[in-house]
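Spelled out, the chains give:
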Amino acid sequence: MTLHELISTRVAAALAAVGVPDAPAAVAPASRPEFGDYQANGVMGAAKKLKQNPRELAGKVIDALDLAGIASKIEIAGPGFINITLDDGFLAAQVARQHGDVRLGAGTDVMQKVVIDYSSPNLAKEMHVGHLRSTIIGDALARVLRFMGHEVIAQNHVGDWGTQFGMLTAYLVEREEDGSDDMLALDDLEGFYRAAKLRFDEDEAFATRARDYVVKLQSGDVRVRALWERFLDISLTHCEAVYARLGVQLTRDDVMGESAYNDDLAPVVADLKAKGLVTESEGAQVVFLDEFKNKDGEPQAYIVQKQDGGFLYSTSDLAAARYRADKLKADRALYVVDARQGLHFQQVFTVARKAGFVPADMQLEHVAFGTMMGEDGKPFKTRSGGVVKLAELLAEAEQRAFDLVSSKNPDLDEATRRQIARVVGIGAVKYADLSKHRTSDYVFDWNTMLSFEGNTAPYLQYAYTRIASIFRQAGEFDAHAAIRITEPAEHQLALQLAQFPELLQQVAADTCPHFLCAYLYQLATKFSRFYEACPVLKSEGDVRASRLALCAATAKTLSTGLGLLGIEVLEAM
RNA sequence: GCGCCCGUAGCUCAACCGGAUAGAGCAACGGCCUUCUAAGCCGUAGGUUACAGGUUCGAUUCCUGUCGGGUGCGCCA
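Residues numbered from 1 in each chain as written. Chains lettered and ligands numbered in written order. Predicted model: local features only at pLDDT ≥ 70, side-chain atom pairs only at ≥ 80, totals over all residues. Heavy atoms only, no water.

J.: Explain the UniProt feature "short sequence motif: 'HIGH' region" (unreviewed entry) in chain A here, please?
T.: UniProt's entry tags residues 121-131 with the feature "short sequence motif: 'HIGH' region" (unreviewed entry), counted in the numbering of this structure. As a span, residues 121-131 carries 0% helix and 0% strand, and end to end its C-alpha atoms are 6 Å apart. (UniProt positions renumbered as here; feature names shortened; annotations may be inferred. Helix = DSSP H or I, 4+ residues; strand = E, 2+ residues; numbered from the N terminus.)

So this is what it looks like as C-alpha cells:
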C-alpha cells in the first residue's frame, strides 16, 4: 500500500466514524512544507453535506483518526484542512522497506496484460522527428508498466503496405538494372524515396509500372514480394539503428505492421456486414456512426472499404484491435499516436465495441501527444523547411553534449567524454520531451534543452554522479544501514523517496511520463539540498551510516526512475 | 459549419477527482567553492491564470459566452 493509500484509508475511516462514510478523504501531498507532508481536504465538503461547522468536524475527524506510529503531528488549519506530518521513524522504515524491494514498493496488485502500440514509423521513409514522441513516450510507458509487474506486449504498427511500396520496389528494380549500387542508395532512404517519387511524377511508363507492382505485391507475386521484403529489411535496419541509439527497447519481434492484417481485412468487413453495421454508400462500404456528426449534422461516415474494393487504415486498425483482444488477450490497449488522430481512434474504438471485436471490459486508450514545434512556433523543420531526420537530430545532441563535457571536464580522455556526451545528449533530448505534458504541443529548443541546467536530464544525472562519487570515497559501508532522520533536509528527502510507488501508479493510470520527470526532478532537488545541508562522509558513526543508506536509496531510486524513462546514469560526468 | 485541444511570469513549462499565499527552470540581479563533483546551493525581482459572466465556503481547474491560436471532419496513413 502506498503512503497515499494508507493515509486516505485512515482518513476515510475517520470520516466514516463521525458519520460521513461516503465523503471523499481528498488526501493530497501538502501544497507547502509548513502544512506538513500530506493534507486531507475532504472535511470541508463533508461539513457542507452535514451542514456542520467544518473546523468542528475536522476536530472530530482528528479525534477519530488513527495514525499512531505513522504521523508525528496532525493539525487543523484554515477553513478545515487537516495537515499531517509523518513520523521520522515511520518514514525511515518506509524508505528502508522500499529500498529492499526489487520493485521499490511499486509492484502492482492487479496484473494486467497491456498492449502498447508505439513508434510505428512509415517504412517507406527514414525515421524523422515526427516519430520521436511516440517512440520514447511508448517506450517509457512500456518500461513503467513492466516494472510494476504488468505484462506488456509492444506492437510496432509500422507502415509497410500501400501504393508507395509499388513505387519503391519498381525503383529498386530500375536502379539494379542501371547497375547502380542500390544498397548505397538505400543508405539514404529519404533520398531514395524522393528519387522514386520524382520518377513516378515525371515518367508515365514508370508510374504505370509502379501501379502494376502494387497489384503484383498485393496478389502475392513472388518476385515483387521478395523485393518488398528486401526493402522492408533495409528500412527496419535503419529503424533499429535509431532505436539502439535512442536506447529504445523495440525489436523485430515487436513489429506487427499493417501488412500483417491483410488477410483479416475482408473478414473484418464481412463481420461488420453480418452485424448489420455496414451500409453501401457511393460505392464504398461505410459504417455510419450516430455518435459523431459530419458537417451536415448527419451521422458521420466511417469508410471501411473503398469503392474500388481497397481497404484503408480504418480497416486495418479494426483488425488490429480485434487481434489485440482475441489473440493477445489484452486487458488494456494503448495507442501512442499523434493527437490529430483523436477522432479516428474514437471511431475505431466505437466501431470495434459495437462490432464486439473487443470486450466491454477491455480498456482502449488513445495516448495522444502534441506536435513538436520549432522555435518559431511552427512544426519543427530544418532551416530549409525539410523534415529533420532523427539520426541527425541525435547526432547533433551528442555533439553539443560533447562540446559541453569537453569544456567542463577537459582532463578526461576523449573516449570518456564521448561516452558521457552520448548519455547526456540522448538523455537531454528524451527528457525534454518526456517532461512536458504529452497532450500539449511543445517547443523544441536546443538552447533550453542543452543548457544542461535546471530541469533537464543532466541535472538528474549529475545528482546521481555526486552520490556515486560519495560511494567511491566512502569505503566499505552498509547500503541498508538503519536510517535515522534528524534534519529537515533528511525528512524531505525520505518523504520524496517514499512517494515513489504512488507516483508510478499515477504514471501508469494516466499514461503520463511527465509525472515521473517532475518527481525525479523534485527528488534530485531534495537530494541536492540534503547534500548541501548534511555532510555524509564527514559525519560519524550512526549518522554517517544513516546518510549513506539515504544516499543509496536515492541513487537506486534515481537510476531506476531514469531507467524507466529510458535514460541512463553515469558514475562520473 | 461542427468536433477536439490550447491561451498561466519576458521565454520554456508545471499545478494530482475544485483547496490555503498559482509553482519550477531559463534569462536578470545579489550571495556561497582552504569541506563529499559549482552541470550545484541560497536569496531578490517577476502574475488581473486571454476576456466577461455564472456555480460555491473556495475556481488556473467546472458551466456559458466572446476574442485569439492549433488541429480534425467520405474513399491517404
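So much for the structure itself; the text now carries on.
J.: Honestly, the protein's contact with RNA strand B in this entry has me stumped. Any pointers?
T.: Around RNA strand B, a shell composed of 65 residues is seen, among which Lys48, Asn83, Tyr462, Ser469 and Tyr531 lie nearest. When the atoms of RNA strand B within 4 Å of the protein are sorted by group, sugar and phosphate make up 59%. Those elements that place two or more of their residues in the surface near RNA strand B are helix H2 (42-50), strand E4 (81-86), strand E8 (284-293), strand E9 (299-305), helix H14 (390-408), strand E13 (442-443), helix H17 (457-474) and helix H20 (513-533). Ranked by residue count, the leading element in the surface near RNA strand B is H17, at eight residues. Looking at the surface near RNA strand B residue by residue, the class counts come to 30 nonpolar, 18 polar and 17 charged. (Near = heavy atom within 4 Å. Nonpolar A, V, L, I, M, F, W, Y, C, P; charged D, E, K, R; others polar.)

J.: Any chance you could explain the UniProt feature "domain: Arginyl tRNA synthetase N-terminal" (unreviewed entry) in chain A here in plain terms?
T.: Following the UniProt record, one finds the feature "domain: Arginyl tRNA synthetase N-terminal" (unreviewed entry) at residues 1-86. Within residues 1-86, the helical portion is 41% and the strand portion 22%, while the C-alpha atoms at the span's ends are 16 Å from each other.

J.: What's the story with the side chain of Ser546 in this structure? I'm lost.
T.: The residue Ser546 is located in helix H21 (residues 541-564) in this model. Judged by its relative accessible area of 1%, Ser546 falls in the buried class. Residues in contact with Ser546, not counting those within four places in the same chain, are Ala482, Ile483 and Arg484. (Buried < 20%, exposed > 50% of the residue type's maximum accessible area, 1.4 Å probe, protein only. Contact = heavy atoms within 4.5 Å.)

J.: What should I look at first to understand the domain arrangement of chain A in this one?
T.: One frequently used descriptor of interface size is the decrease in accessible area upon assembly of the parts. For chain A, the domain assignment lists domain 1 (3-86) and domain 2 (164-251). A C-alpha centroid distance of 64 Å is found between domain 1 and domain 2. (Domains from an automatic or database assignment.)

J.: Looking at this structure, how should I read the environment of Asp510?
T.: Summarising the element assignment, Asp510 is placed in helix H19 (residues 500-510). On the basis of relative accessible area, Asp510 is assigned to the partly exposed category, the value being 37%. The residues touching Asp510, leaving out its near neighbours within four places in the chain, are Arg438 and Phe515.

J.: I keep staring at the pairing of E9 and nothing clicks. Help me out?
T.: A regular strand places its side chains on the two faces of the sheet in alternate fashion. In the sheet, E8 pairs with E9 via six bridges, with the strands oriented antiparallel. Note that in E9 the partner of Leu289 across the bridge is Gln300. Between the antiparallel neighbours E8 and E9 lie five residues, among them Gly297 with a positive phi of about 80°. (Pairing = 2+ DSSP bridges.)

J.: Where do I start with the side chain of Thr465 in this structure?
T.: Mapped onto the fold, Thr465 is located in helix H17. Judged by relative accessible area, which is 6%, Thr465 ranks as buried. Setting aside chain neighbours within four positions, we find Thr465 in contact with Leu570, Glu571, Ala572 and Met573.

J.: Is there a simple way to think about the sheet that holds strand E11 (residues 363-369) in this case?
T.: The strands making up a sheet associate through hydrogen bonds between their backbones, and the pairing can be parallel or antiparallel. The strand order E6-E5-E10-E11 describes an open sheet built from four strands, whose pairing is parallel. Both edges of this open sheet fall to strand E6 (151-155) and E11, since each of them pairs with a single strand only. Going across the sheet, the axis of each strand differs from the next one's by a mean of 20°, ignoring polarity. Against the sheet, helix H13 (residues 342-354) contacts strand E10 (332-338) and E11, and its axis sits at roughly 175° relative to E11. (Axes fitted to C-alpha atoms, helices over the stretch in contact; angles between N-to-C directions.)

J.: In this structure, what is going on with the pairing of E4? I would like to understand it.
T.: Here E4 lies mainly inside the structure; five of its six residues are buried. Note: strand E2 (residues 38-40) against E4, three bridges, orientation antiparallel. Looking at the pairing, Tyr38 lines up with Ile84 of E4. Direction of pairing for strand E3 (residues 71-77) relative to E4: antiparallel, over a ladder of six bridges. Following the sheet pairing, Ile76 is matched in E4 by Ile82. Between the antiparallel neighbours E3 and E4 lie three residues, among them Gly78 with a positive phi of about 55°.

J.: Got a minute to help me understand unusual backbone geometry in this structure?
T.: Only a minority of non-glycine residues have a phi that is not negative, and only a minority of peptide bonds are not trans. Of note in this structure, Lys51 is not a glycine but carries a positive phi near 55°. Considering the arrangement of structural elements, one finds Lys51 in the loop between H2 and helix H3 (54-64). A relative accessible area of 77% places Lys51 in the exposed class. Even without being glycine, Ser119 reaches a positive phi, approximately 75°.

J.: Looking at this structure, I do not really get the packing of helix H6 (residues 164-177) against helix H8 (residues 189-202). What am I missing?
T.: If you want to describe how two helices pack, look at the angle between their axes and the distance between the axes. With their axes 9 Å apart at the nearest point, H6 and H8 run at an angle of 95° to one another. Relative to H8, H6 is oriented roughly perpendicular. Across the interface between the two elements, Gln164, Met167, Leu168, Tyr171, Leu172, Glu174 and Arg175 from H6 touch Phe192, Tyr193, Ala195, Ala196, Lys197, Arg199 and Phe200 from H8. Residue classes in the contact of H6 with H8 are distributed as nine nonpolar, one polar and four charged. (Parallel < 35°, antiparallel > 145°, perpendicular 65-115°, else oblique.)

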